[in-house]
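# Results of the structural survey
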Amino acid sequence: MSWYTRMAAEILAPLVGKEPGAVLETLVKPPKTEMGDVGFPCFHLARERKSAPPKIALDLAGKIALPADSVFSAAQAAGPYVNFFLHPVRLAEETAGAALAAPRDWGCSRDGEGKTVVIEYSSPNIAKPLGVHHIRSTMLGAALSRLYRARGWKVVEMNYLGDWGTTFGQLMVAYKQKEKETPDQAVDVHSLLQLYLHYHAGVKEDESLADEARAWFKRLEDGDAEALRLWKIFRDESVENLNCLYERMNVHFPEEGYKGEAFFNDRLDDVIARLREQGLLKESEGALVVDLDAFAMPPCLILKSDGASIYATRDLASAEYRQAAYRFDKSLYIVANQQELHFRQVFKILELMGCDWAGKCEHVKFGMLSFGPGVFGEAAATGSTRRGRVIFLEEVLDRAVEKAKNLIVENARSEEVLANADRLAEEVGVGAVIFSEFSQRRLKDVSFTWEKALSLRGDSGPYLQYTHARLSSMLRRYDKAVTAKPRWELLDSPPVKEIFLKLAEYSDVLAEAEAENEPSLIATHLLELSAQFNRVYTDKENHRFISDDEPRTAAHLAMVEAIRLTLAHGLGILGLTTPEAM
Ligand code: ARG
């Protein structure tokens with residue numbers, strides 16, 4: 001689907017007496033490009049017109065008067081179809097020409113203007129290093145934030161840290177034990193992990209530690225100064241470490257974006273009071289729940305028998321906060337599949353509480369990321385933190401960068417690339433990990449392998465970065481300003497047309513990616529565009545990009561720049577950098 005299809009619908013609409021939208025739904029792509037670029041089947045008009053489809057097609061085609069500057073050069077009847085043919089030069093002008101004339105606007109849109117979207121993503125449970133599974137929410141959320149922005153929305157990025165709970169009590173127990181030996185222990189995210197492991201090893205031997213941990217958490221909930229001091233140290237250290245990792249992945253949460261679970265502590269009583277007033281609370285085995293039987297869901301726990309409020313209650317408070325603070329048109333939660341029921345319950349309760357905006361909340365779910373055996377030594381990604389066998393995101397990034405460096409050094413074509421190998425390795429290695437997130441639709445599980453992620457030929461981030469570098473180097477070699485108005489007719493060939501058709505779809509792909517919250521559609525599109533380019537590029541017989549024929553060279557290089565712009569824009573949305581040379 002693209003804008004020229006919509007144009008065909010608009011031309012046809014008055015002739016068939018229907019809304020353009022209704023016509024659009026019936027349009028098809030002819031099986032071969034020689035048969036046209038957009039086809040209108042006339043079968044469904046046969047009955048109302050009491051005429052045979054081929055006759056209707058002839059009649060309609062006869063009535064179509066294309067304006068002189070139309071992107072279509074002809075509309076012809078072929079059997080029961082009316083087929084529209086794109087004018088090759090105008091197609092090039094409207095796509096590559098438009099990109100070059102206004103590169104900053106390329107791919108952008110104002111569709112979202114005046115609308116606000118809150119996007120919650122990453123949201124790890126802190127006080128331990130970021131596990132690699134958190135990369136999915138982080139990368140998806142960051143890409144969606146950039147996508148919505150490119151589409152004109154106001155975007156509020158939020159990181160709902162898991163920064164409250166019994167884990168903090170456990171860390172305090174371990175910290176206090178260590179303090180006896182090392183009074184001024186320094187705390188960083190790795191020593192926090194050691195404290196965590198220390199506690200879990202200890203509690204196996206001595207169960208009373210669990211009571212101690214609960215007591216410390218109780219002190220924290222009651223606002224005890226020492227407990228709060230430690231909590232703050234643990235939280236600050238964790239956030240600092242997170243920020244370093246985010247920085248490497250081109251993710252930037254503004255300070256006010258960190259609204260973790262703790263932030264909502266003093267809003268829970270109010271939520272519970274209102275649920276009670278509205279008669280939504282029910283007692284069950286000493287706990288308070290909202291009964292959701294009528295909606296085919298299990299009851300949702302609001303307050304535990306020991307008085308501890310829980311996950312769902314905080315999410316209710318936090319959803320209300322997001323609405324009050326930002327008056328959102330959409331509120332997205334980029335959270336794993338496993339929490340599907342939780343969000344259905346929370347959104348339903350909001351609705352029952354009379355929040356008329358509940359329908360604007362959406363759980364954007366995704367499948368699992370798995371590492372086969374062998375990918376990461378013996379440690380499997382599914383291993384639990386408790387046994388110290390979880391794979392940390394930092395290690396994955398470091399390993400990717402190390403591998404990317406080998407790849408770059410092996411393939412380097414210039415001294416300059418070798419001299420920049422470290423910086424490039426960071427861009428390519430991290431890019432490879434990021435892109436693998438988008439190699440499939442988000443609901444599919446991703447199984448990560450180094451071969452796939454780092455392949456220079458396959459569908460990978462490095463492949464696209466490499467294509468971008470190749471285009472850039474061609475433009476450097478040309479060494480002249482690229483014109484937005486070359487003699488496009490010199491490029492008139494079917495494979496080049498395919499490139500322009502791909503460029504024509506780009507902004508619609510972004511619209512679709514937004515509508516489905518599916519950045520992988522962008523990744524797929526960029527891969528297709530690159531494949532299309534490589535097909536033309538390797539066809540040396542028909543396409544010499546740079547030659548003595550200046551007008552032909554200018555047309556080729558204008559196309560090259562339009563493709564490069566598109567790759568840079570799309571990869572930028574996904575979170576990858578685009579090196580100029582590789
Ligand atoms: N901290 C949670 C976890 O790591 C995810 C939070 C999801 N967001 C939310 N609003 N409940 O599992």
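Everything here concerns the structure above.
Residues numbered from 1 in each chain as written. Predicted model: local features only at pLDDT ≥ 70, side-chain atom pairs only at ≥ 80, totals over all residues. Heavy atoms only, no water.

## Points about the overall build of the protein chain
The condition is simple: Under the DSSP-based scheme used, a helix requires at least four consecutive residues in state H or I and a strand at least two consecutive residues in state E, with every element numbered from the N terminus. Using a 1.4 Å probe on the protein chains alone, a residue whose accessible area is under 20% of its type maximum counts as buried, one over 50% counts as exposed, and one in between counts as partly exposed. Residue contacts follow a heavy-atom distance rule, with two residues in contact if any of their heavy atoms lie within 4.5 Å. Each accessible area is a Shrake-Rupley result for a 1.4 Å probe, and residues are judged covered by the shown protein chains and nothing else. As used throughout, the charge tally considers Lys and Arg to be positive and Asp and Glu to be negative, leaving His and the chain termini uncounted. By convention, the charge on Lys lies at NZ, on Arg at CZ, on Asp at CG and on Glu at CD.
Along its length, the protein chain carries 21 helices and 13 strands. Counting over 582 residues, the protein chain shows a buried share of 53%. Of the contacts formed within the protein chain by residues at least 6 apart in sequence, a portion of 72% connects residues at least 24 apart. In the structure as shown, the protein chain presents an accessible area of about 26,600 Å², 50% of it carried by carbon and sulfur atoms. In the protein chain, which carries 70 positive and 85 negative side-chain charges, the distance between the mean positions of the two groups comes to 4 Å.

## Observations regarding the nonpolar core
Here is the rule we go by: In this text, buried Ala, Val, Leu, Ile, Met, Phe, Trp, Tyr and Cys residues form a nonpolar core when linked through side-chain atoms within 4.5 Å.
If you look at the biggest cluster of nonpolar residues, it comprises 162 residues, and the most contacted ones within it are F40, V82, M249, F500 and M559. When residues of this core are assigned to their parent elements, the largest contribution, 13 residues, is made by helix α21 (residues 550-574). Once you skip the residues sitting within four places of it in the chain, M249 turns out to touch I135, T138, M139, L393, L397, V430, I434 and G575.

## What to know about the packing of helix α7 (residues 166-181) against helix α10 (residues 225-248)
Put simply, the test is: Axes, fitted as lines to C-alpha atoms, cover a helix only where it is in contact. Angles between the N-to-C directions of the axes lie from 0 to 180 degrees. Working definition: roughly parallel below 35 degrees, roughly antiparallel above 145 degrees, roughly perpendicular at 65 to 115 degrees, and oblique for all remaining angles. Under the convention adopted here, Pro, Cys and the residues Ala, Val, Leu, Ile, Met, Phe, Trp and Tyr are nonpolar, Asp, Glu, Lys and Arg are charged, and Gly plus all remaining residues are polar.
At their nearest, the axes of α7 and α10 sit 10 Å apart, and the two run at 100° to each other. Our classification of the angle between α7 and α10 gives roughly perpendicular. Mapping the contact onto sequence places F168, L171, M172, Y175, K176 and E179 in α7 and E226, A227, R229, L230, W231 and F234 in α10. Looking at side-chain class alone, the contact of α7 with α10 contains eight nonpolar, no polar and four charged residues.

## Things to note about the site of the ligand
Put simply, the test is: Distances are taken per atom, and a residue is near a molecule or strand as soon as one of its heavy atoms is within 4 Å of it. Each polar contact in these results corresponds to two N or O atoms within 3.5 Å; when the atoms are within protein, one needs to be able to donate a hydrogen and the other to accept it, and residues that are neighboring in sequence are counted only if both atoms are side-chain atoms.
Taken together, E120, S123, N125, H134, Y160, Y311, D315, Y333, V335, Q339 and F343 are the residues near the ligand. Between the ligand and N125, the relevant distance is 2.8 Å, taken from a nitrogen atom to a side-chain nitrogen or oxygen of the residue. Q339 places a side-chain nitrogen or oxygen 3.2 Å from an oxygen atom of the ligand. Expressed as a share of its isolated accessible area of 350 Å², the protein-covered part of the ligand is 88%. Counted by class, the shell around the ligand contains five nonpolar, four polar and two charged residues.

## Side note on the packing of α7 against helix α9 (residues 208-221)
Two packed helices can be described by the angle between their axes and the distance between those axes. Rules: By the definition used in this description, the sense in which the near helix is turned from the far one sets the handedness, with an anticlockwise turn below a right angle giving left-handed and a clockwise turn giving right-handed.
In contact at an axis separation of 7 Å, α7 and α9 are set at 110° when each is read in the N-to-C sense. By the criterion of interaxial angle, the relationship of α7 to α9 is roughly perpendicular. α7 and α9 meet at a crossing whose hand is right-handed. Across the interface between the two elements, T166, F168, G169, Q170, M172, V173, K176 and Q177 of α7 pack against L209, E212, A213, W216, F217 and L220 of α9.

## Some details on the sheet that holds strand β6 (residues 281-284)
To be explicit about the condition: Any two strands with at least two DSSP bridges between them are considered paired.
Taken in spatial order, the three strands line up as β6-β7-β8 in an open sheet, and their pairing is antiparallel. What marks the edges here is a single partner per strand, and that holds for β6 and β8 (300-303). Each strand of the sheet is rotated relative to its neighbour by a mean of 45°, with strand direction disregarded. One ladder, built from four bridges, connects β6 with strand β7 (residues 287-290); its direction is antiparallel. Along β7, the bridge assignment pairs L281 with V290.

## Some remarks on the packing of aromatic side chains
Short version of the rule: Whether two aromatic rings pair depends on their centres lying within 6.5 Å, for rings of Phe, Tyr and Trp, where Trp uses its six-membered ring; planes under 30 degrees apart make the pair stacked, over 60 edge-to-face, and the rest tilted. Lysine NZ or arginine CZ positioned within 6 Å of the ring centre and within 35 degrees of the ring normal marks a charge as sitting over the ring.
Taken as a whole and assessed by the stated rule, the structure comprises 25 aromatic pairs. Geometry around Y160 places R322 over its ring, the cationic atom sitting 5.4 Å from the centre. The ring of Y537 carries the charged tip of K540 above its face, separated from the ring centre by 3.9 Å.

## Topic: α10
Think of an α-helix as turning once every 3.6 residues; residues three or four places apart then point the same way. Let me state the cut-off plainly: The span one expects for a helix is its residue count, reduced by one, times 1.5 Å.
With 24 residues, α10 ought to run about 34 Å at 1.5 Å a step, and its terminal C-alpha atoms sit 35 Å apart, in line with that. Within α10 the residues assigned to the buried category are A227, L230, W231, F234, R235, S238, V239, N241, L242, L245 and Y246. On its buried face, α10 sits against α6 (134-150), α7, α8 (189-205), α9 and α14 (393-411). Put simply, D224 is the residue that caps the front of α10, since its side-chain oxygen is 3.1 Å from the backbone nitrogen of E226. Directly after α10, the chain includes N250, whose backbone phi takes a positive value near 60°.

## Here we look at the sheet that holds strand β1 (residues 38-41)
Backbone-to-backbone hydrogen bonds join strands into a sheet, with any given pair of strands oriented parallel or antiparallel. In space, the three strands of this open sheet follow the order β1-β3-β2, with antiparallel pairing throughout. If you trace the sheet from one side to the other, it starts and ends with β1 and β2 (72-78), each paired once. Sheet twist, expressed as the mean angle between neighbouring strand axes with direction ignored, is 20°. Helix α1 (residues 3-16) rests against β1, β2 and β3 (81-86) of the sheet, and its axis sits at about 30° to β1.

## Details of a negative patch on the surface
Let me state the cut-off plainly: By definition, no residue in a patch forms a salt bridge, and every one has over 30% relative accessible area; like charges are joined within 9 Å, nonpolar side chains (Val, Leu, Ile, Met, Phe, Trp, Tyr) within 5 Å. By salt bridge we mean one thing: a side-chain nitrogen of Lys or Arg within 4 Å of a carboxyl oxygen of Asp or Glu.
Side chains of E205, D206, E207 and E212 sit close together on the surface and give a patch of like negative charge. Mapped onto the elements of the fold, E205 is located in helix α8. Here E205 falls in the exposed class, since its relative accessible area comes to 72%.

## Structural notes on the pairing of β7
The alternating pattern of β7 places A287 and V289 on one face and L288 and V290 on the opposite face, and all of these are buried. Bridge count for β7 against β8 is three bridges, and the pairing is antiparallel. The residue bridging L288 from the neighbouring strand is L303, located in β8.

## Here we look at the pattern of salt bridges
Per the counting criterion, the structure on display carries 36 salt bridges. Here R423 makes a salt bridge to E427, at a shortest N to O gap of 2.7 Å. Of the two residues, R423 and E427 both sit in helix α16 (residues 421-436), four residues apart, roughly one turn of that helix. For K502, the salt bridge is made with E505, and the minimal N-O distance between the two is 3.5 Å. Of the two residues, K502 and E505 are both situated in helix α19 (residues 494-515); the distance of three residues between them amounts to about one turn of the helix. Put simply, K176, E179, E226 and R229 are held in one network by salt bridges that share partners.

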